[in-house]
Amino acid sequence: MLRALCAFALLAPLPLQAQQQAPIRGFPNDQLELQARREAQARAVPNRDTLRTLVRSLAAVPHEAGTDRSRHVAELLLARFRAMGLNARIEQFEALMPRPVTRTLELLGPEPFTASLREPALTQDPTTGQADQLPTFNAYSPDGDVTAELVYVNYGRPEDYRVLDSLGISVKGKIVIARYGQSWRGIKPKVAAEHGAVGCLIYSDPRDDGYYVDDVYPSGPMRPASGVQRGSVMDMPTYPGDPLSPGWASIAGGRRLPLAEAATLEKIPVLPIGYGDALPLLRTLAGPVAPESWRGALPITYHIGPGTAQAHLALSFEWRNRPLYDVIATIPGAVWPDQWVIYGNHHDAWVNGAEDPISGQAALGETARAVASLLKTGWRPARTIVFAAWDGEEWGLLGSTEWAEAHADELRTKAVAYYNSDTNDAGWIETAGSHALEQFISEVARDVTDPLTGKSALQARLDHQRAQRAQRDTSRDTTFTLGALGSGSDYTAFVDHLGVPSVDVRYGGAAHRGIYHSIYDSYTFYERFLDTGYVYGATEARTMATAILRMADAPLLPFEFGAPARTYRRYADDIARLAARNDTTRGLDLSAVRTALDRLDTAAVAYERARAAFDTARGRDTARRRTALGAVNRLLAASEQALTDSTGLPRRPWFRHLVYAPGFYTGYGVKTMPGIREAVEQRNPAEAQAEAARVAAALSRYADLVHRAADALSVALR
């Protein structure tokens, strides 16, 4: 029934509002009809059968980065881009990618146990029995051979260690066992090492992604007992990309740090395991019963430990550089060729990766085909369009970071926007990014049809928000807002390091899944449990084609600055409340930040006043004023860079954005105004005040630039 409804919705016309040519930011009113026709033509191209074929072919074999199989996938993508008539090439980099040589985990004592450390093939899923599957491991764990008592540390977050401290339990000299979830995996060994642990195990508890949630695969979509989440534990909050070339591109023969100086490698050996292997270990623990919030769904009483038995963990790796294959396809701009609109999704996987990343990569491929189809009509984009298929994302955003570092000067000058996607499933549009693009993305979602309801993707999302009123924050149930970007996907180098306006767009949230980073992330699983009719893959392609065409062709870049002013004020208010909760930081003075935000409010109003005049200008007039509008657009594209500082954040200079960054102890999760916020959390009032001054200066630069753009636009329209 769901598939039938989705098929009907795909044949339905656009929402009435879109048919009536609702305003499109960046286009004069007399160009709306032509733009709407062009977008409709592109949105008609993405095809569910083509998506199905792409997912099956690209996820046919394991293709982790650094292998000939990854190169083969890159070459398939290259050939497809070229067949569309695009100028495409492979840009090759390299990075340190250690592969496991030996892995041992055993329980010593009166009831010895040896962990299997393997995921069995399933007869119901043909690719699960393939050769060349990467073993279960955590990338960038060091070599190590340790024997010690075990201590259970819940999710292994800093707050969990505060509970241990309150109970008088130390992990010094112990091997910790943490469950996946609630923080990025790399934080768990990082915090464990800071507390003196000598090893770290990370397991998937069935309460989080196993039988507690739903039936396990192959009967259902959740992780079976032997399912293991591979993944990098690189300390990405310090810097992503090749660990040996922070801040510069890693190419064959290029300079490298000595391995001992790589700041993002973990300090203690770490290994992921399934809950089948975790159960015998947890069963031996004694000590206090774990707090209720620490208890998972295994059939045991959860104790913290230690117990009477010791665990033996031994790991060794082959440490060497391996190749990366980024596929880059371009459509040169006809008016402003030195303004780039970039859309990227990675192509490497831990194993077959049908969901992560091939669902997103297939949608990018259909987006490119939709845009390329317009070339046959004689259309050429005003700005250059770049499609990117990144390699090495799973290891630590390797391919995108090395490419961005290699092209850093060009990107700072030419990039007007970076779009990112990763996975794509059934559900609602999920967006996060630079808040100057909030209004733009809401209009894109307004003009794309949701495949299940036939409403706009925007309305479907708002309806879903209203249905989730049990959530803690319901203040924005009826309002579209962008989330803030932290890290965890390929937008990181663009927004956090270079200050390129960025947005991550994908669909999801309607289906359970517990196969993340395992051999069970296959096209068989994807077709059964996620986007069963590939209708959301087609919707993602339609969404991104619309976003690309608007950003590429808008005579005036579609930025809006009221949303940043509102959002950043909320960040400052949050920090003020946080600071007031403890005596150490209660005196934090954010008046300079608030003054800068007042200036941004004024600048945003001035810019909107000038833009309103642009809406009523005639297309012929805007064409005649291309040079003047080009100068305005350069200011708009540079606006995000005003929020960066070349000295970076405290203790991690690679991260230069002063409003968005991953948290030092969250990994993926964003910390907004991170310099101030993290200093407050660490109860460092002097640093918090110094960071407040830097944020105020950045916001003032931002407001000044918006004022300049408003003035330049007013002059251009005279």
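Residues numbered from 1 in each chain as written. Predicted model: local features only at pLDDT ≥ 70, side-chain atom pairs only at ≥ 80, totals over all residues. Heavy atoms only, no water.

A short note on the overall build of the chain
Move 1: Scanning the chain from terminus to terminus reveals 24 helices and 18 strands.
Move 2: The C-alpha atoms of the chain give a radius of gyration of 25 Å, which matches the 27 Å a tight globule of 718 residues would have.
Move 3: Its C-alpha atoms put the chain at 85 × 60 × 55 Å along the principal axes.
Move 4: Taking all 718 residues of the chain together, the buried fraction comes to 63%.
Move 5: The contacts in the chain between residues at least 6 apart in sequence include a share of 80% that link residues at least 24 apart.
Move 6: When the accessible surface of the chain is split by element, carbon and sulfur atoms take 51% of a total near 25,300 Å².
Move 7: Separation of charge centres in the chain, based on 78 positive and 82 negative side chains, amounts to 5 Å. (Helix = DSSP H or I, 4+ residues; strand = E, 2+ residues; numbered from the N terminus. Rg over C-alpha atoms; globule rule 2.2 N^0.38 Å. Buried < 20%, exposed > 50% of the residue type's maximum accessible area, 1.4 Å probe, protein only. Contact = heavy atoms within 4.5 Å. Areas by Shrake-Rupley, 256 points an atom, 1.4 Å probe, with all protein chains shown as cover. Lys, Arg positive; Asp, Glu negative; His and termini not counted. Charge placed at Lys NZ, Arg CZ, Asp CG, Glu CD.)

Quick word on the sheet that holds strand E16 (residues 502-509)
Move 1: The strand order E1-E11-E13-E12-E14-E16-E15 describes an open sheet built from seven strands, whose pairing is mixed. Every other strand in the sheet has two partners, leaving strand E1 (87-96) and strand E15 (427-433) as the edge strands with one partner each. For this sheet the average axis-to-axis angle between neighbouring strands, irrespective of direction, equals 20 degrees.
Move 2: Packing against the sheet, helix H5 (residues 68-83) makes contact with E1, strand E11 (321-331) and strand E13 (383-390), and its axis sits at approximately 160 degrees to E1.
Move 3: Across the sheet, helix H22 (residues 626-637) is in contact with strand E12 (336-346), E13 and strand E14 (415-420); its angle to E12 comes to roughly 40 degrees. (Pairing = 2+ DSSP bridges. Axes fitted to C-alpha atoms, helices over the stretch in contact; angles between N-to-C directions.)

A closer look at the packing of helix H20 (residues 591-615) against helix H24 (residues 685-716)
Move 1: Two elements in contact, H20 and H24, have axes whose closest approach is 8 Å; the angle formed by their N-to-C orientations is 15 degrees. Judged by the angle between their axes, H20 and H24 are roughly parallel. H20 and H24 meet at a crossing whose hand is left-handed.
Move 2: Of the residues in the contact of H20 with H24, the class split is 20 nonpolar, four polar and three charged. (Parallel < 35°, antiparallel > 145°, perpendicular 65-115°, else oblique. Left-handed = near helix turned anticlockwise from the far one by under 90°. Nonpolar A, V, L, I, M, F, W, Y, C, P; charged D, E, K, R; others polar.)

Thoughts on helix H9 (residues 275-283)
Move 1: Of all nine residues that make up H9, seven are buried, and the element is covered over most of its length.
Move 2: Looking only at H9, the buried set comprises Tyr275, Asp277, Ala278, Leu279, Pro280, Leu281 and Leu282.

A look at unusual backbone geometry
Move 1: In this structure, Pro218 follows Tyr217 across a cis peptide bond, with omega equal to 15 degrees.
Move 2: Residue Pro306 is bonded to the preceding Gly305 through a cis peptide linkage, with omega at -5 degrees.
Move 3: Position of Pro306 among the secondary structure elements: in the loop between H9 and strand E10 (310-318).
Move 4: Notably, Asp132 is not glycine yet its phi reads approximately 70 degrees, a positive angle.
Move 5: Here Asp132 lies in the loop between strand E3 (113-114) and strand E4 (138-139).
Move 6: Its identity as a non-glycine residue notwithstanding, His517 has a phi of 65 degrees, on the positive side.
Move 7: Position of His517 among the secondary structure elements: in the loop between E16 and helix H17 (523-529).

Let's talk about the packing of helix H14 (residues 438-446) against helix H18 (residues 535-553)
Move 1: The geometry of H14 relative to H18 is characterised by a closest axis approach of 9 Å and an angle of 130 degrees between their N-to-C directions. Judged by the inter-axis angle, H14 sits oblique to H18. By crossing handedness, the relation of H14 to H18 is classed as right-handed. Counted together, Phe440, Glu443, Val444 and Arg446 of H14 and Thr543, Thr546, Ala547, Arg550 and Met551 of H18 form the full contact between these two elements.
Move 2: Looking at the contact of H14 with H18 residue by residue, the classes come out as four nonpolar, two polar and three charged.

Topic: the confidence of the model for the chain
Move 1: Put simply, the chain has an average pLDDT of 94, and 96% of its residues get 70 or more.
Move 2: The low-confidence segment residues 1-19 (pLDDT under 50) makes 31 contacts with residues lying over four places distant or belonging to another chain. (pLDDT = per-residue confidence, 0-100.)

Topic: the nonpolar core
Move 1: Ranked by internal contacts, the top residues of the largest apolar core, which has 225 residues, are Phe387 and Tyr568.
Move 2: If one sorts the elements of this core by residue count, H24 sits on top with 13 residues.
Move 3: Setting aside residues no more than four positions away along its own chain, Tyr568 makes contact with His435, Leu597, Leu600, Leu643, Val659, Tyr660, Met673, Leu699 and Tyr702. (Core = buried A, V, L, I, M, F, W, Y, C linked by side-chain atoms within 4.5 Å.)

Some words on the pattern of salt bridges
Move 1: Taken as a whole, this structure holds 48 salt bridges when the rule is applied.
Move 2: Between Glu608 and Arg25 there is a salt bridge; the shortest N-O distance is 3.1 Å. Of this pair, Glu608 sits in helix H20 while Arg25 sits in the loop between helix H2 (16-19) and helix H3 (32-43), and the two are 583 residues apart along the sequence.
Move 3: Here Glu687 makes a salt bridge to Arg651, at a shortest N to O gap of 2.8 Å. Remark: Arg651 occurs in the loop between H22 and strand E17 (660-662) and Glu687 occurs in helix H24; sequence separation between them is 36 residues.
Move 4: In this structure Glu687 comes out as buried when scored by relative accessible area, which is 17%. (Salt bridge = Lys/Arg side-chain N within 4 Å of Asp/Glu carboxyl O.)

Concerning the sheet that holds strand E7 (residues 199-203)
Move 1: An order of E3-E2-E10-E5-E6-E7-E9 is seen for the seven strands of this open sheet, with the pairing classed as mixed. Taken across any chain shown, the strands that pair with only one partner, and hence form the sheet edges, are E3 and strand E9 (270-273).

A look at a nonpolar patch on the surface
Move 1: Residues Tyr211, Tyr212 and Val213 make up a contiguous nonpolar surface patch of about 280 Å² in total accessible area.
Move 2: With respect to the element layout, Tyr212 can be found in the loop between helix H8 (206-209) and strand E8 (231-232). (Patch = residues over 30% accessible without salt bridge, like charges linked within 9 Å, V, L, I, M, F, W, Y side chains within 5 Å.)

So, the environment of Pro337
Move 1: Inspection of the secondary structure assignment puts Pro337 in strand E12.
Move 2: A sequence separation of 47 residues divides Pro337 from Thr384, and the C-alpha atoms of the two residues are 5.1 Å apart.
Move 3: Excluding residues within four positions of it along the chain, Pro337 makes contact with Ala382 and Thr384.

Comments concerning the packing of aromatic side chains
Move 1: Using the criterion set out here, one finds 30 aromatic pairs in the structure.
Move 2: Between Tyr152 and Trp294, the ring centres sit 6.0 Å apart and the planes meet at 80 degrees, which makes this aromatic pair edge-to-face. Here Tyr152, found in strand E5 (residues 144-152), pairs with Trp294, found in the loop between H9 and E10; they are 142 residues apart in sequence, far enough to count as distant.
Move 3: Assessed through its relative accessible area of 0%, Tyr152 is described here as buried.
Move 4: Overall, Trp294 belongs to the buried group, its relative accessible area being 2%. (Phe/Tyr/Trp six-rings, centres within 6.5 Å; stacked < 30°, edge-to-face > 60°.)

Things to note about the side chain of Arg461
Move 1: By secondary structure assignment, the location of Arg461 is in helix H15 (residues 457-467).
Move 2: Buried charge Arg461 goes without a salt bridge, the closest partner of opposite sign being Glu438 at 7.6 Å.
Move 3: Apart from residues no more than four positions distant in its own chain, Arg461 is found in contact with Trp428, Ile429, Thr431, Phe480 and Thr481.

Points about the environment of Gly483
Move 1: Relative to the elements of secondary structure, Gly483 occurs in the loop between H15 and helix H16 (492-497).
Move 2: For Gly483 and His435, which are 48 residues apart along the polypeptide, the C-alpha to C-alpha distance reads 8.3 Å.
Move 3: When sequence neighbours within four positions are dropped, the list of residues in contact with Gly483 reads Thr431, Ala432, Gly433 and His435.

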